[in-house]
Amino acid sequence: MQSGKLRPRHGALQFLAQIVAWTYSLNLADCARKLTSWRGPNSFILGVPPTPRDCHGLATILGNLYVFGGNSGTGGLLNDLHRFDTARLVWTDLSNVAWNAVSAPPPIPRACHGFAADEGRLFVFGGASASGVLGDLHAFDPAALAWTPLPP
């Protein structure tokens, strides 16, 4: 990576004390093949990874990577939430799990949104929806598997 070069629609996050650049496109089938080869032939990844997408959110909490929303590449916006447990190498789709009695509905489908982790929660802010630019704010608590809308 060249220093100072503009990298539009790129994201970065800190993971295991390293800064990791993440392209705006996500094709996890390719990532899974590479990770398996790095870990050795006896390693494998369990679960079903998210479908390929771009303009998604990516954040980490306690050794887990979370992917939220984005553009499916076929023109459809997404609002799914996936977790990758880096210790066990397991993908979990939290989109259907995250419905319980205390949870609000997940944020509406979007791309190009803000997505960050703080104090054990994930935050989704704004982005672009099918109806236009958004300015809403939502929190997801992975321990409670619950969404909460917040005032912006």
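The model shown is predicted, which means the values in this text are computed figures rather than measured ones. (Residues numbered from 1 in each chain as written. Predicted model: local features only at pLDDT ≥ 70, side-chain atom pairs only at ≥ 80, totals over all residues. Heavy atoms only, no water.)

Draft legend 1. Structural context of the overall build of the protein. Assigned secondary structure in the protein consists of two helices and twelve strands. For the protein, the α and β elements follow one another from N to C terminus as β-β-β-α-β-β-β-β-β-α-β-β-β-β. Carbon and sulfur atoms form 59% of the exposed surface of the protein, whose accessible area is close to 8800 Å². (Helix = DSSP H or I, 4+ residues; strand = E, 2+ residues; numbered from the N terminus. Areas by Shrake-Rupley, 256 points an atom, 1.4 Å probe, with all protein chains shown as cover.)

Draft legend 2. Expanded view of the pairing of strand β8 (residues 90-93). Note that strand β7 (residues 77-85) and β8 share four bridges and pair antiparallel. Bridge pairing links R83 to T92 in β8. Between β7 and β8, which follow one another and run antiparallel, lie four residues, and L89 among them has a positive phi close to 60 degrees. (Pairing = 2+ DSSP bridges.)

Draft legend 3. Examining unusual backbone geometry more closely. Backbone geometry places C112, a non-glycine residue, at a positive phi of 60 degrees. Here C112 is to be found in the loop between α2 (94-97) and β9 (114-118). For L145, which is not glycine, the phi dihedral falls at a positive 50 degrees. The residue L145 is located in the loop between β11 (132-141) and β12 (146-150) in this model. The exposure class of L145 is partly exposed, given its relative accessible area of 22%. (Buried < 20%, exposed > 50% of the residue type's maximum accessible area, 1.4 Å probe, protein only.)

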